[in-house]
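Next come the chains, spelled out residue by residue.
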Amino acid sequence: MAELEQLECLLVSKSSRTINGWRRFTFGALAAYLAVTGVMEFMNEGFSQKIAINAFLCVCGLLVLKFEKKIYASPLGFVKDTHTWFSHHREILRWDEIRHVTLVTKGMGLTAFLEKDVVGWKLLFERNDMAALDGLFKKYAPKVKVVIKEMGQR
């Protein structure tokens, strides 16, 4: 399987997801526990429905260990890289494809709605990323209209 070309990361979105730290340990430990109990059950009683369920859940736990989704701004546009054990997928929303941008702030969060034709992307950032985002749009997509909205606290 070919690796994807590394792109320069200008700003990382909070919409990115990765399994790391205690989550990785938890899923790994759960998969190991299910594998051990499945083997012991098989040695004692032979194949059963419980073993099939343990095996299925063990495989699911192992698959989750390698899931990574990174969403970031690059000189090409906004990039969504997804990595698993079996695939590496990249989707790019190019700067010239973005028709309209709405930045909505609420509390310490910032949501960016990037419209492309009829559909678009919804990305999460920190509120203090607004200046960096605005600078990126001015540099890479100067013709795109950026609307900033402030949502009230509840």
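As the structure is a computational prediction, the values presented were derived from the model and not from experiment.

Cut-offs used in this document
- Residues numbered from 1 in each chain as written.
- Predicted model: local features only at pLDDT ≥ 70, side-chain atom pairs only at ≥ 80, totals over all residues.
- Heavy atoms only, no water.
- Pairing = 2+ DSSP bridges.
- Helix = DSSP H or I, 4+ residues; strand = E, 2+ residues; numbered from the N terminus.
- Axes fitted to C-alpha atoms, helices over the stretch in contact; angles between N-to-C directions.
- Phe/Tyr/Trp six-rings, centres within 6.5 Å; stacked < 30°, edge-to-face > 60°.
- Buried < 20%, exposed > 50% of the residue type's maximum accessible area, 1.4 Å probe, protein only.
- Lys NZ or Arg CZ within 6 Å of the ring centre and 35° of its normal.
- Parallel < 35°, antiparallel > 145°, perpendicular 65-115°, else oblique.
- Left-handed = near helix turned anticlockwise from the far one by under 90°.
- Contact = heavy atoms within 4.5 Å.

Draft legend 1. Local environment of the sheet that holds strand 6 (residues 100-106). The mixed open sheet is built from four strands, whose spatial order is 8-7-6-9. Strands at the two margins of the open sheet, each flanked by one partner only, are strand 8 (119-126) and strand 9 (145-150). Direction aside, the axes of adjacent strands within the sheet are offset by 20° on average. In this structure, strand 7 (residues 109-116) lies alongside strand 8, joined through eight bridges in antiparallel fashion. When the bridges of strand 8 are listed, Glu115 appears paired with Gly120.

Draft legend 2. A look at the packing of aromatic side chains. Tallied over the full model, the rule gives four aromatic pairs. Ring centres of Phe78 and Trp95 lie 5.1 Å apart, and the angle between their planes is 55°; this geometry places the pair in the tilted category. Of this pair, Phe78 sits in strand 4 (residues 77-83) while Trp95 sits in the loop between strand 5 (88-94) and strand 6, and the two are 17 residues apart along the sequence. A centroid spacing of 6.0 Å and a plane angle of 40° characterise the contact between Phe78 and Phe137, whose relative ring orientation is tilted. You can see Phe78 sitting in strand 4 and its partner Phe137 sitting in helix 3 (residues 130-140), a full 59 residues away along the chain. Of the residues examined, Phe137 reaches a relative accessible area of 2% and is grouped as buried. Put simply, the rings of Phe78, Trp95, Phe137 and Tyr140 pair up and form one aromatic cluster. Directly above the ring of Trp121 sits Lys80, whose terminal nitrogen or CZ lies 4.5 Å from the centroid.

Draft legend 3. Main features of the packing of helix 1 (residues 22-45) against helix 2 (residues 49-64). It is at 8 Å that the axes of helix 1 and helix 2 come closest, and there the two elements cross at 155°. Taken together, helix 1 and helix 2 sit at an angle that is classed as roughly antiparallel. Helix 1 and helix 2 meet at a crossing whose hand is left-handed. The residues of helix 2 that touch helix 1, namely those facing Phe27, Ala31, Leu34, Ala35, Thr37, Gly38, Glu41 and Phe42, are Lys50, Ile51, Asn54, Leu57, Cys58, Gly61, Leu62 and Val64.

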